[in-house]
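Residues per chain, in single letters:
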Amino acid sequence: MTIAIEVRGVSKQFVLRHTRSIKEAFVWLMKGRKGDLSEKFHALADISLEVAQGETVALLGLNGSGKSTLLKHISGVMLPDSGSVRTRGRVAGLIEVGAGFHPDLSGRDNVYLNGAILGMTEEQIDERFESIIEFSEIGQFIDTEVKFYSSGMYLRLAFSVAVHTNPEVFLVDEILAVGDEPFQKKCLARIRELADAGTTLVVVSHDLDLVSTICDRGVLLDHGKIILDGPVDQVVARLRGAA
C-alpha cells in the first residue's frame, strides 16, 4: 500500500486576543504588562493520520473541530507547531477562494501564476489553457483583473486550474458552497472523475449527504482530536447523532 498523505503528531495552536475594558488594559499596563491579555486555542492536538493512494476521505466535525486547519496543514498552507506532514505526488485543490491569485493581474495571468504554483510548466499551461477557460465559463472576463471578479468567478477559475493540474492528491474545503448550482454539479462530476481515476481525495464539508456519495472513509474531529476513523456512513451517523 502506497501512502499518499502521512500526518505524524501534528499540533497547532493559535493565540486569541481578547478585547478587555479600558480599565483592565490600564491596570495591565501599570503592572508592567504582567499577565496575558490573550489565551491559546489548540486547533490540533497530536494528530496522526495516514491516507493511502487513491483513498477518498471526508474530514468531518462541528465548527471549530480542526478539520479545515488539518486540511491546510496537508496542503502546506500552514506549518505545524510540532509534528510533520508528508505528501506524495502533486497536491492541488481548493482551500480558500482565490488563494494564490493576485488581484491586480488578469484572469489569464493568474491562470499562469496559479498553474505554476501548483507545479505546472508554462508549456503544460499553454496546452491546457483553452480547456481551463472553457471549464471555468469565464469567457470574455479572462483578461479582466480578478479584483473585479465575484466570488463565484474566482471559484470557477481556481477550480478549473486546480483540476487541470492532474493532481495525485486533491483537497477540497467548503468551497463548493460558493457559486451557482449548475457549476457545483459540474465540479462534483469532475471530482468524481478524479476519484474514479485513482486520485487521492480529501474533502471538508458540512454537507453530509454529499460526502457520503463521494467519500468511502470518514475522519471525525472534535476539539482538534480524531475521535472516530472508519467507513464514511458510520462516521456520518455518529456526527448526526451528536448534532
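Please refer to the structure placed before this passage.
The structure displayed is predicted, hence computed values, not measured ones.

A. Molecular detail of the sheet that holds strand S3 (residues 56–60). Spatial strand order, S5-S6-S7-S3-S8-S9: 6 strands in an open sheet with mixed pairing. Pairing within the sheet leaves two strands with one partner each, and these edge strands are strand S5 (91–94) and strand S9 (225–231). If you compare each strand with its neighbour and ignore which way they point, the axes differ by 15 degrees on average. When strand S8 (residues 217–222) meets S9, the two strands line up antiparallel, connected through 6 bridges.

B. Representation of the packing of aromatic side chains in the model. Going through the model one piece at a time under the given rule, you end up with 6 aromatic pairs. Between Tyr 112 and Phe 129, the ring centres sit 5.7 Å apart and the planes meet at 25 degrees, which makes this aromatic pair stacked. Here the residue Tyr 112 occupies a position in helix H3 (residues 107–117), and Phe 129 occupies one in helix H4 (residues 122–136), the gap between them amounting to 17 residues. The class of Phe 129 is buried, set by a relative accessible area of 6%. Ring geometry for Phe 159 versus Phe 170: centroids 6.0 Å apart, planes at 85 degrees, classification edge-to-face. Residue Phe 159 is located in helix H5 (residues 151–163), and its partner Phe 170 is located in strand S6 (residues 169–172); the two are separated by 11 residues in the primary sequence. Summarising the burial analysis for this pair, Phe 159 and Phe 170 share the class buried. A network of ring pairs unites the aromatic residues Phe 135, Phe 159, Phe 170 and Phe 183 as a single cluster. Over the face of the ring belonging to Phe 183 we find Arg 156, whose NZ or CZ atom lies 6.0 Å from the ring centre. Lys 186 extends its terminal NZ or CZ atom over the ring of Phe 135, reaching a point 4.6 Å from the ring centre.

Thresholds, definitions, all that
Residues numbered from 1 in each chain as written. Predicted model: local features only at pLDDT ≥ 70, side-chain atom pairs only at ≥ 80, totals over all residues. Heavy atoms only, no water. Pairing = 2+ DSSP bridges. Helix = DSSP H or I, 4+ residues; strand = E, 2+ residues; numbered from the N terminus. Axes fitted to C-alpha atoms, helices over the stretch in contact; angles between N-to-C directions. Phe/Tyr/Trp six-rings, centres within 6.5 Å; stacked < 30°, edge-to-face > 60°. Buried < 20%, exposed > 50% of the residue type's maximum accessible area, 1.4 Å probe, protein only. Lys NZ or Arg CZ within 6 Å of the ring centre and 35° of its normal.

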